[in-house]
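Single-letter residue listing:
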Amino acid sequence: MRRLCYISHNYRDTSSAGGKAKSDMECILESLGAVNLGNRRTYYHNKALHFAINLWGIVRAVLSVKRRDIIVLQYPLKKYFSLVCRVARARGAQTVVLIHDLGSFRRRKLTVDQEVRRLSRADCLIALNPSMRGWLKEKGVACPVCVLGIWDYLSPSVYSSVREEGTPPAPYTVIYAGGLSPRKNSFLMEMPAHVRNYRLELYGDARELAPHIQSPNIRACGFVASDELIATVRGHFGLVWDGSSLDGCAGHWGEYLRYNNPHKTSLYIRCGLPVIVWEESALAPFVREAGVGLCIASLRELDTLLPKVGADEYDVMKRNVESLCARMASGHFFRSALNEAIGLLGE
């Protein structure tokens, strides 16, 4: 039997979406019996120490690779990615790479050609969704590409957003959680004029936005840790939106939703909340097929759309969310994508 391995990278901030997602994937790998070739997960606040420990973990990992190993990497792995892929291939091992972010989109520190060349060193990729897979293939990635679908989300908490079926909420409450800032979420500054027939609750540090979101129907609830949010939030929908515009997700952050799977979508599902997403986002087809929310062109629609969502329609979405929540809590989506990837590697 081939050995399944991974390299823990000591993510310094596991409270962030990226750190939480990577940590969860490692926990799922451990549940599958995968061997950690790197350091055990320990988090260091001293940056120099953190760098040194991570570097030693990578060195230790490449020295531990054996023939026929399957090494699961979480991308981006900074400057070590190409080294690990080269060593694995030289030693007769293979790499499966789960893509969290595309650097040529997110931070723009790589050109598209540079990123494609880097990713092509893998033996198989796991893209977040069909849109990302299509982009990778269009840009020239040669190796096989599987699809994750949606982020799994591990938590000991159980959602509390339960209500009696057949009773339509009046009005609906929409939850928006995350890093709140004019740079990333400037659309929120336009919301007060358009939130009349529902309530909007913001979870995160809204101090910069506070002067611009004054409205009796908008409430800033402050930062709440994700496990606590799952256990305590009272709402009806979770909003997945970024960028500068109410009319589609515009700007650098908004456009990235055409290819990205925002981790907050999975958090909302774990909170028991159907989601509201941009109709042109990469997640929109998944939301429609799973029946777990609403796909809209503009946030201006919500004031007239939400009051028309009846009890029966909402109850169907809620039941679908409960089913999806159980699969995400068990690591179903990463397990399935990883099994497909391993099958494509062959013997």
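Computed from a predicted structure; not experimentally measured.

What counts and what doesn't
Residues numbered from 1 in each chain as written. Predicted model: local features only at pLDDT ≥ 70, side-chain atom pairs only at ≥ 80, totals over all residues. Heavy atoms only, no water. Pairing = 2+ DSSP bridges. Helix = DSSP H or I, 4+ residues; strand = E, 2+ residues; numbered from the N terminus. Phe/Tyr/Trp six-rings, centres within 6.5 Å; stacked < 30°, edge-to-face > 60°. Buried < 20%, exposed > 50% of the residue type's maximum accessible area, 1.4 Å probe, protein only. Lys NZ or Arg CZ within 6 Å of the ring centre and 35° of its normal. Core = buried A, V, L, I, M, F, W, Y, C linked by side-chain atoms within 4.5 Å. Contact = heavy atoms within 4.5 Å. Polar contact = N/O pair within 3.5 Å; in protein donor to acceptor, adjacent residues only side chain to side chain. Axes fitted to C-alpha atoms, helices over the stretch in contact; angles between N-to-C directions. Left-handed = near helix turned anticlockwise from the far one by under 90°. Nonpolar A, V, L, I, M, F, W, Y, C, P; charged D, E, K, R; others polar. 1 Å grid on protein atoms, 1.4 Å probe; cavity = no way out; pocket = protein on both sides within 12 Å on 5 of 7 lines; lining within 4 Å. Points joined across faces, edges and corners; volume = space filled by probe spheres on them. Expected span 1.5 Å × (residues − 1).

Asker: Honestly, the sheet that holds strand E6 (residues 145–147) in this entry has me stumped. Any pointers?
Answerer: Picture the strands of a sheet paired through backbone hydrogen bonds; they go either parallel or antiparallel. The parallel open sheet is built from six strands, whose spatial order is E2-E1-E3-E4-E5-E6. Edge strands, defined here as strands with exactly one partner in the open sheet, are strand E2 (35–36) and E6. Direction of pairing for strand E4 (residues 94–99) relative to strand E5 (residues 124–127): parallel, over a ladder of three bridges. Its bridge partner lying in E5, Val-96 is registered against Cys-124.

Asker: Got a minute to help me understand the packing of aromatic side chains in this structure?
Answerer: Aromatic ring pairs are reported here in terms of the distance separating the ring centres and the angle at which the planes meet. By the definition in use, this model includes 10 aromatic pairs. Measuring from ring centre to ring centre gives 5.4 Å for Phe-237 and Tyr-314, while their planes differ by 70°; the resulting arrangement is edge-to-face. With Phe-237 in strand E10 (residues 237–240) and Tyr-314 in helix H13 (residues 311–329), this residue pair connects regions lying 77 residues apart in the sequence. Overall, the relative accessible area of 0% leaves Phe-237 in the buried class. Following the ring pairs from residue to residue traces out a cluster consisting of Phe-105, Trp-135, Tyr-256 and Tyr-259. Above the face of the Tyr-153 ring, Lys-20 is positioned so that its terminal group lies 4.8 Å from the ring centre.

Asker: Just checking my understanding: could you explain the nonpolar core for this structure?
Answerer: Membership of the largest hydrophobic core comes to 114 residues, with the highest contact counts inside it found for Leu-125, Leu-136, Tyr-176, Leu-188, Met-191, Leu-200 and Phe-334. Residue contacts for Leu-136: discarding those within four places in its chain leaves Ile-99, Leu-102, Leu-119, Leu-125, Ala-127, Val-141 and Val-145.

Asker: Before we go on, may I ask you to explain the side chain of Ser-155 in this structure?
Answerer: The topology assignment puts Ser-155 in the loop between E6 and strand E7 (173–177). What makes Ser-155 buried here is its relative accessible area of 18%. A distance of 3.1 Å separates a polar atom in the side chain of Ser-155 from the backbone nitrogen of Ser-157. At 2.7 Å, the side chain of Ser-155 forms a polar contact with the side chain of Asp-227. Those residues in contact with Ser-155, other than ones at most four positions away along the chain, are Asp-227, Ile-230 and Arg-270.

Asker: Sorry, what's going on with the packing of helix H10 (residues 263–270) against H13 here?
Answerer: Angle between the axes and distance between the axes: these two values describe a pair of packed helices. Look at H10 against H13: their axes get within 8 Å of each other, and the N-to-C directions meet at 115°. Viewed along their axes, H10 and H13 form a crossing whose handedness is left-handed. Touching Ser-266, Ile-269 and Arg-270 of H10 are Val-321, Leu-324, Cys-325, Met-328 and Ala-329, all from H13. Counted by class, the contact of H10 with H13 contains six nonpolar, one polar and one charged residues.

Asker: I'm lost on the layout of surface pockets in this one. Help?
Answerer: Over the atoms rolls a probe the size of a water molecule, and in doing so it shows where empty space is left. In this structure, the second largest pocket spans a volume of roughly 250 Å³. Contributing to the lining of the second largest pocket are 13 residues, with Pro-130, Val-147, Gly-149, Phe-286 and Glu-289 lying nearest its centre. Mapped by element, the contributors of at least two residues to the lining of the second largest pocket are helix H6 (130–138), E6 and helix H11 (284–290). The dominant element in the lining of the second largest pocket, judged by the number of residues it contributes, is H11, at four residues. When grouped by side-chain class, the residues that make up the lining of the second largest pocket number eight nonpolar, two polar and three charged.

Asker: Can you walk me through empty space enclosed by the protein in this structure?
Answerer: Under the defined criterion, the tally for this structure stands at one cavity of 30 Å³ or more. In this structure, the largest cavity encloses a volume near 40 Å³. The wall of the largest cavity is formed by Val-240, Leu-257, Asn-260, Pro-262, Val-277, Trp-278, Ser-281, Ala-282 and Leu-283. Per-class residue counts for the lining of the largest cavity are seven nonpolar, two polar and no charged.

Asker: Help me out: how do you make sense of H10 in this one?
Answerer: Think of an α-helix as turning once every 3.6 residues; residues three or four places apart then point the same way. Most of H10 is tucked away: eight of the eight residues are buried. Buried within H10 are the following residues: His-263, Lys-264, Thr-265, Ser-266, Leu-267, Tyr-268, Ile-269 and Arg-270. Gly-272 sits one or two residues past H10 and shows a positive phi near 80°.

Asker: Where do I start with H13 in this structure?
Answerer: Along its 19 residues, H13 runs 26 Å from first to last C-alpha, staying within 8% of the 27 Å computed at 1.5 Å per residue. Looking only at H13, the buried set comprises Ala-311, Tyr-314, Asp-315, Met-317, Lys-318, Val-321, Leu-324, Cys-325 and Met-328. On its buried side, H13 packs onto E10, H10, H11, strand E12 (293–296) and helix H14 (332–345). One or two steps after H13, the chain reaches Gly-331, where phi turns positive at roughly 80°.

Asker: What exactly am I supposed to notice about the sheet that holds strand E8 (residues 199–203) here?
Answerer: Ordered by their spatial adjacency, six strands build an open sheet running E9-E8-E7-E10-E11-E12, and the pairing between neighbours is parallel. Pairing within the sheet leaves two strands with one partner each, and these edge strands are strand E9 (218–220) and E12. Direction aside, the axes of adjacent strands within the sheet are offset by 25° on average. Summarising the sheet, E10 and strand E11 (residues 275–278) pair through three bridges and their orientation is parallel. Bridge pairing links Gly-238 to Val-275 in E11. Along the sheet, H10 makes contact with E7, E10 and E11, crossing E10 at roughly 180°.

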